[in-house]
Number of protein chains: 2
Amino acid sequence: MIFSATACVLTSAMAAELPVKPTVADLVKQSKADDWRPLDPANTLYLDLPVGRVVIELATDFAPQNAANIKTLVREKYFDGLSMMRSQDNYVAQWGDADEKNPKPLGTAKAKVPGEFTVPASFDKHFVRQQDADGYAPEIGHSKGFPVGRDPKTNTTWVAHCYATVGVARDTDTDSGNGSQLYAITGHAPRHLDRNITAVGRVVSGMELLSSLPRGSEAMGFYGASEAKMPITRVRLAADVPAAERVQLEVMRSEAPIYQQVIEAQRNRGGPWNKYAANYVELCNAPIPVRVRPAL
Amino acid sequence: MIFSATACVLTSAMAAELPVKPTVADLVKQSKADDWRPLDPANTLYLDLPVGRVVIELATDFAPQNAANIKTLVREKYFDGLSMMRSQDNYVAQWGDADEKNPKPLGTAKAKVPGEFTVPASFDKHFVRQQDADGYAPEIGHSKGFPVGRDPKTNTTWVAHCYATVGVARDTDTDSGNGSQLYAITGHAPRHLDRNITAVGRVVSGMELLSSLPRGSEAMGFYGASEAKMPITRVRLAADVPAAERVQLEVMRSEAPIYQQVIEAQRNRGGPWNKYAANYVELCNAPIPVRVRPAL
């Protein structure tokens, strides 16, 4: 039995305990092998920094043109030797070419890629709706492990700007981004970016390397000319890395029934530590479990 | 005119521009002296770290007993020489006594303080409601610069767990916290903590010093015995610091009409960069402006 909303007026002396329930960690332990899928090497980036590896899964169903251009940049080693450019507290970490005066050539990649702020909902065959209401989207849910918004009236869908979402920085024109500057969300979800900029993927491992970067001292958290900027050792597509050197990560299938239990475990947490069950979970607070693939 | 929800199906070539509107920064510039209030030195803590000062405003209307116990600990220099204990990615940074085996005495402070997870709404005379719907609370708004939830049916109110909210760590018992371990939210708002733990204040300056701490390697982000823990130089009540050494910060009055304009500026952002106005803003995405007091 879940506490009703009236539970919060009980004093601590009066309060009955919430029943113990499986946690997200419990569900991960109970899961079966086919509740998980491996990352697709053709759509996985390794952003290698001196402090470790950031693993990014590209949302190719939601931003096919931008993802393709980023893969071109990566395969031509565009990012190697560039740096982190920006760390704005409670917002984003951004990387790419900090040298505006003498920019690194883009190689065969396109300089302008149309913004893929939304795509037709028909592009996405894997949507599973989350029941919770959301102020930023008529419907929310998950699709292949990405948190997404959806608008049935306009037949559109988009990757939501949650913590760890990766996007394509742009100037004012909607086609002014090309993937040569990317950002990851490091703060409270700035959902007002949804439908305003291309969300192209999600950091599935190594977020703490980006979120703990020192904040930049200039406007919008950009690092100044004299500030140390963490260099990018290299960025590689997992498919271009020898199989033995790839990270063996799996993401819980958002289409698997167990994933709805994961959301429910977060929506209504059990006792004894918890005293009050929210009966709600924001899209960006629904965990998306990632694990190292167990040894066979 | 604000874009309707149908705007998102326009292609970039078709899209009309959103009108230019004042930003939050513009409103801060336009504000008048009496739109701001100084921090009350009797309810302001300085958490001094080797890397700088974190300024915390205590929410004495929402957690009077916990705030009083924290002030006792601070005045008896309990925190001086202790350390940051925990940094869990996308969650919290926590500080206090990392030595469980040989704990530092609490002095005259109480070892157990009743949890103030909610208080009667009558304790709070400054609530201004925010119009947006919220899944975690029947009503949301701001009170003296704190983001709050409110339930008219139960006549309760509480400080919401937004980014920068400071809370009183506890064990399973609701009265097991005493303020000797405090945390600040460094990730996406964990609103499921609302009504489950005592939120006692808010970091108004210096959040980046806490949010950029290296993450701890042990369970829940605790630092291991061998890991470097950032020491706490000292914690002081501003009132106990000579006036000339206090930080001169002001918080925008959440009761001032201009604050509703600030929320609206975030709810519906203007062009030309923005292409789509959300017509919604989450409680924890409503900015609460803080500034250095201008010279007289």
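Reading guide: rules and limits
- Residues numbered from 1 in each chain as written.
- Chains lettered and ligands numbered in written order.
- Predicted model: local features only at pLDDT ≥ 70, side-chain atom pairs only at ≥ 80, totals over all residues.
- Heavy atoms only, no water.
- Helix = DSSP H or I, 4+ residues; strand = E, 2+ residues; numbered from the N terminus.
- Buried < 20%, exposed > 50% of the residue type's maximum accessible area, 1.4 Å probe, protein only.
- Contact = heavy atoms within 4.5 Å.
- Least-squares fit on C-alpha atoms with pLDDT ≥ 70 in both.
- Salt bridge = Lys/Arg side-chain N within 4 Å of Asp/Glu carboxyl O.
- Buried area = accessible area lost by both parts, 1.4 Å probe.
- Polar contact = N/O pair within 3.5 Å; in protein donor to acceptor, adjacent residues only side chain to side chain.
- Pairing = 2+ DSSP bridges.
- Axes fitted to C-alpha atoms, helices over the stretch in contact; angles between N-to-C directions.
- Disulfide = S-S within 2.5 Å.

Looking at an unreviewed UniProt entry, chain A carries the name peptidylprolyl isomerase, with the source organism given as Duganella zoogloeoides.

Novice: How do you make sense of the side chain of A:E250 when you look at a structure like this?
Specialist: All names here are of chain A. Examined against the element boundaries, E250 turns out to sit in strand β15 (residues 249-252). When its relative accessible area of 8% is taken as the criterion, E250 is described as buried. Leaving out residues up to four positions away in the same chain, E250 has contacts with W36, R37, P38, P289, V290, R291, R293 and P294.

Novice: Before we go on, may I ask you to explain the environment of B:S211 in this structure?
Specialist: With respect to the element layout, B:S211 can be found in helix α3 (residues 207-211). When near neighbours in sequence (up to four residues on either side) are disregarded, B:S211 contacts A:D89, A:S211, A:S212, A:R215, B:Y163 and B:T186.

Novice: How do you make sense of the relation of the copies chain A and chain B when you look at a structure like this?
Specialist: In this arrangement, two copies of a chain are superimposed by a rotation about an axis accompanied by a shift along the axis. Mapping chain A onto chain B leaves a residual RMSD of 0.0 Å; the transformation is a rotation of 180 degrees accompanied by 0.0 Å of translation along its axis. When the rotation and shift are considered jointly, the pair of chain copies conforms to a two-fold rotation axis. Comparing interface residues between copies, 100% of those in chain A also sit at the interface in chain B, which points to an isologous, same-surface contact.

Novice: Can you help me understand the pattern of salt bridges in this one?
Specialist: For side chains bearing opposite charge, pairing can occur when the charged atoms are close. Overall, the coordinates contain 32 salt bridges over all chains when judged by the stated rule. The residue B:R37 makes a salt bridge to B:E57 at a minimum N-O spacing of 2.8 Å. Of the two residues, B:R37 sits in strand β1 (residues 36-38) while B:E57 sits in strand β3 (residues 52-58), which places them 20 residues apart along the sequence. Looking at B:R37, the relative accessible area reads 10%, which means it is buried. B:E264 is paired through a salt bridge with B:R267; the nearest N and O atoms lie 2.7 Å apart. Highlighted residues: B:E264 and B:R267, both in helix α4 (residues 257-267), separated by three residues, approximately one helical turn. Ionic contacts of the salt-bridge type, sharing partners, join the residues A:K21, A:D132, A:E264 and A:R267 into one network.

Novice: For this particular structure, what's the right way to read the interface of chain A and chain B?
Specialist: The extent of an interface is frequently quoted as the accessible surface area lost upon association of the parts. Contacts between the two partners involve 48 residues from chain A and, on the opposite side, 48 residues from chain B. A buried area of about 4300 Å², summed over both sides, lies between chain A and chain B, and 56% of it is on carbon and sulfur atoms. Counting the surface chain A buries against chain B, the share from its top three residues, A:Y136, A:H188 and A:W273, is 17%. Where chain A packs against chain B, one counts 27 residue pairs in polar contact (both at pLDDT 80 or more).

Novice: Just to check I follow, could you spell out unusual backbone geometry for this structure?
Specialist: Excluding glycine, residues mostly have negative phi values, and the peptide bonds linking residues are mostly trans. For the bond from A:G271 to A:P272, the omega torsion is 0 degrees, close enough to zero to count as cis. Its identity is not glycine, yet A:K144 carries a phi of approximately 50 degrees, on the positive side. The backbone of B:A164 shows a phi angle near 85 degrees, a positive value even though the residue is not glycine. Judged by its relative accessible area of 4%, B:A164 is buried.

Novice: For this particular structure, what's the right way to read the sheet that holds β1(B)?
Specialist: Sheet strands pair via backbone hydrogen bonds, and the direction of the pair is either parallel or antiparallel. Residue and element names in this part refer to chain B. One open sheet holds the three strands; their spatial order is β1-β15-β16, and the pairing between them is antiparallel. Where the open sheet ends on each side, the last strands, each with one partner, are β1 and β16 (290-292). Averaged over neighbouring strand pairs, the angle between their axes works out to 35 degrees when direction is ignored. One ladder, built from three bridges, connects strand β15 (residues 249-252) with β16; its direction is antiparallel. By the bridge assignment, E250 is partnered in β16 with R291.

Novice: Looking at this structure, I do not really get the state of the cysteines. What am I missing?
Specialist: Disulfides are covalent bonds that link the sulfur atoms of two cysteine residues. Residues and elements named next belong to chain A. In total, this model carries two disulfides over all chains according to the counting rule given. Each sulfur in the disulfide pair C162 and C284 lies 2.0 Å from the other. Looking down the S-S bond of the C162 and C284 bridge, the torsion is -75 degrees, so its handedness is left-handed. Of this pair, C162 sits in the loop between β10 (156-159) and β11 (165-168) while C284 sits in the loop between α4 (257-267) and β16 (290-292), and the two are 122 residues apart along the sequence. Classification of C284 as buried rests on a relative accessible area of 12%.

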